[in-house]
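So the chains spell out like this:
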Amino acid sequence: MSMTGGSGTWYPIALAAVLATAAALVVYVYAGYPLALTLARWLRRPRQPLTGNSRPRLTLVIPAYNERHVIRDKIENSLRIDYPKGDLEIIVASDGSDDGTNEIVSEYGPAGVQLRAFAPRAGKISVLNRTVPEAAGEIVVLCDANVMFWPDALARLVRHFEDPAVGAVTGDVRIASAEAPFGDGEGLYYKYERYIQRQESVLGSIIGVDGGMYALRRELYRPLPADTILDDFVISMNVALAGHRVIYEPSAVATENATMDVRQEFRRKVRIVAGAFRELLRGQAVPTPRHAQLFWSYVSHKMLRWLVPWFLILLLAANAALALTGEGGTMARAGLYAQLAFYACALIGCTRPNARWPAVVGVPFYFCMVNAAAWLGCLRGLSGTEKVTWKKADR
């Protein structure tokens, strides 16, 4: 079949179109969407300031599976939270723990800490489905066992519930370990994510909470299928789809240790994207165009982000083919050399994945690790091979 026509070959034109489209999508995901959010925020009418006097009854639910090494510190941290003790219920929901976690939690019974021990192990969402509906608090705070709250974190979260339009609030969970192998790459990523969440909050709702610390109205919790993987994302999106705002509060701070092994962090990110695609296929927690801001933010912040690795593959392949044909000129060759240099830096990082590299290596390495995980997570989510229970990362 001929690749020529009356006006010459169409092959370089097709390559240039693929390259331009892939590049435009990548640029939109990482730069265009945040810029559009910022512009949209300027057009938004300021909201009424909060008084900060609200103190609703809270239930802190700590799901746990074999958390012997951190559960005592977590309970001690929870007991130091600056909130009226009579209005704070603390529940540890143990999912088949058999390493001594339950025995440690039981020691704190006199301090008011409740143990809900479930067996056999069935997954995090299973214990949440059985624990949250029975909570005494009108606001339920969900967190991870290795996340430590600043004393005023809950008060800063729950003040937003003065606004009846707010259904859920998440905070700023910071990575505490300065020796984390991802270095500048992970730090830059989290700053970028928090910026987007601040803009989305002003505009309407954020797309997904940080599962390490978030609060929601108990009445808005909807039990999920037992095989749900990305529970925090689905729970918060269900709140937003019910017509309530889900927002980010940067002054509600908690800390957690970073994952010190890149392979474990890679598996965690694969699991996140696999869970997201499972829900996408089900049509669960997926907004429609009638939810204008949610739909736009879901597509821009999440769905296109999950597809970035495919755009990057097209971008490199089209750029290489265009440069090799000689049709793309200096621009095509420069673009190809820039991509190859970027990926070469990432490959250098792969030689010692748990080392803390300078930014010139660390940023490309982290970027490629995240997108490689998204690529694999996409395949695992579409094939349905990701399990509900899993071996958690060491932190």
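Residues numbered from 1 in each chain as written. Predicted model: local features only at pLDDT ≥ 70, side-chain atom pairs only at ≥ 80, totals over all residues. Heavy atoms only, no water.

**Student:** What should I look at first to understand the pattern of salt bridges in this one?
**Tutor:** Here the structure, examined in full by the defined rule, presents 16 salt bridges. Of the charged contacts in the structure, one is a salt bridge between Arg121 and Asp95, with a shortest N-O distance of 3.9 Å. Remark: Asp95 occurs in strand 4 (residues 88–95) and Arg121 occurs in the loop between strand 5 (113–118) and helix 4 (124–131); sequence separation between them is 26 residues. Note on Asp95: relative accessible area 4%, which makes it buried. As a salt-bridge pair, Asp210 and Arg194 come within 3.1 Å of each other at their nearest N and O atoms. Taken together, the residues span a long stretch of sequence, with Asp210 in the loop between helix 6 (184–203) and strand 9 (213–217) and Arg194 in helix 6 at a distance of 16 residues. Across this residue pair, the class does not change: Asp210 and Arg194 are buried. The network of salt bridges with common partners includes Asp172, Arg174, Arg194 and Asp210. (Salt bridge = Lys/Arg side-chain N within 4 Å of Asp/Glu carboxyl O. Helix = DSSP H or I, 4+ residues; strand = E, 2+ residues; numbered from the N terminus. Buried < 20%, exposed > 50% of the residue type's maximum accessible area, 1.4 Å probe, protein only.)

**Student:** Hey, could you run me through a nonpolar patch on the surface in this one?
**Tutor:** A grouping of Leu35, Leu39, Trp42 and Leu43 is seen on the molecular surface, where their side chains present a nonpolar patch of about 530 Å² in accessible area. Within the secondary structure layout, Leu39 lies in helix 1 (residues 11–42). In this structure Leu39 comes out as partly exposed when scored by relative accessible area, which is 42%. (Patch = residues over 30% accessible without salt bridge, like charges linked within 9 Å, V, L, I, M, F, W, Y side chains within 5 Å. Areas by Shrake-Rupley, 256 points an atom, 1.4 Å probe, with all protein chains shown as cover.)

**Student:** I would appreciate a short explanation of the packing of helix 8 (residues 262–282) against helix 9 (residues 292–325) in the present structure.
**Tutor:** The relative placement of two packed helices is expressed as an angle between their axes plus a distance between the axes. Contact pair helix 8 / helix 9: the axes reach a minimum separation of 11 Å and the direction vectors enclose 115°. Crossing geometry of helix 8 relative to helix 9 is assigned as left-handed. Counting all contacts with helix 8, which are made through Val273, Ala276, Phe277 and Leu280, the residues of helix 9 involved are Tyr298, Met303, Trp306 and Leu307. Considering only residue class, the contact of helix 8 with helix 9 consists of eight nonpolar, no polar and no charged. (Axes fitted to C-alpha atoms, helices over the stretch in contact; angles between N-to-C directions. Left-handed = near helix turned anticlockwise from the far one by under 90°. Contact = heavy atoms within 4.5 Å. Nonpolar A, V, L, I, M, F, W, Y, C, P; charged D, E, K, R; others polar.)

**Student:** Help me out: how do you make sense of the nonpolar core in this one?
**Tutor:** Soluble globular proteins tend to pack their nonpolar side chains together in the buried interior. The biggest cluster of nonpolar side chains holds 44 residues, and the ones touching the most others in it are Leu128, Leu142, Leu216, Phe233 and Ile235. Examining the composition of this core, we find that eight residues originate from one element, helix 9, more than from any other. Ranked by size, the runner-up nonpolar core spans 36 residues in total, among them Ala64, Ile75, Val113 and Val141. (Core = buried A, V, L, I, M, F, W, Y, C linked by side-chain atoms within 4.5 Å.)

**Student:** Please clarify how the confidence of the model for the protein chain should be interpreted in this entry.
**Tutor:** Reading fine detail from the predicted coordinates is not recommended where pLDDT is low. Residues of the protein chain with pLDDT of at least 70 account for 91%, and the chain-wide mean is 89. Between residues 1–7, whose pLDDT stays under 50, and residues either more than four places distant or in other chains, the model counts seven contacts. (pLDDT = per-residue confidence, 0-100.)

**Student:** Please clarify how the packing of helix 7 (residues 231–241) against helix 9 should be interpreted in this entry.
**Tutor:** Contact geometry of helix 7 with helix 9 gives a least axis separation of 12 Å together with a crossing angle of 160°. One element, helix 7, and the other, helix 9, form an angle in the roughly antiparallel class. Where helix 7 crosses over helix 9, the two elements pack in a sense that is left-handed. Note on element contacts: helix 9 touches helix 7 through Leu294, Tyr298, Lys302 and Trp306, opposite Phe233, Met237, Ala240 and Leu241. Along the lines of polarity and charge, the residues of the contact of helix 7 with helix 9 split into seven nonpolar, no polar and one charged. (Parallel < 35°, antiparallel > 145°, perpendicular 65-115°, else oblique.)

**Student:** When you look at the sheet that holds strand 6 (residues 139–143) in this model, what are you seeing that I'm missing?
**Tutor:** Pairing between the strands of a sheet comes from backbone hydrogen bonds, and it takes one of two forms, parallel or antiparallel. Reading across the sheet, the eight strands line up as 5-4-3-6-9-8-10-7 and stay open at both edges, with mixed pairing between neighbours. Two strands in the sheet have a free side with no partner beyond their single neighbour: strand 5 and strand 7 (148–149). Relative to strand 4, strand 3 (residues 58–64) runs parallel, the two sharing seven bridges. Bridging across to strand 4, Thr59 finds its partner in Glu89. (Pairing = 2+ DSSP bridges.)

**Student:** When you look at the environment of Pro225 in this model, what are you seeing that I'm missing?
**Tutor:** Within the secondary structure, Pro225 sits in the loop between strand 9 and helix 7. Through-space distance from the C-alpha of Pro225 to that of Asn129 is 9.0 Å; in sequence the pair is 96 residues apart. Those residues in contact with Pro225, other than ones at most four positions away along the chain, are Ile125, Arg282 and Gln284.

**Student:** Teacher, can you tell me more about the packing of aromatic side chains here?
**Tutor:** Two measures describe an aromatic ring pair: the distance that separates the ring centres and the angle between the ring planes. Summed over all chains, the structure comprises 13 aromatic pairs. Ring centres of Phe342 and Tyr343 lie 5.7 Å apart, and the angle between their planes is 80°; on these two criteria the pair is classed as edge-to-face. Each member of the aromatic cluster is reached from another via a ring pair, and the members are Tyr30, Tyr192, Phe342, Tyr343 and Phe367. For the cation-ring pair, Arg121 lies above Tyr65, with the distance from its terminal atom to the ring centre recorded as 3.6 Å. (Phe/Tyr/Trp six-rings, centres within 6.5 Å; stacked < 30°, edge-to-face > 60°. Lys NZ or Arg CZ within 6 Å of the ring centre and 35° of its normal.)

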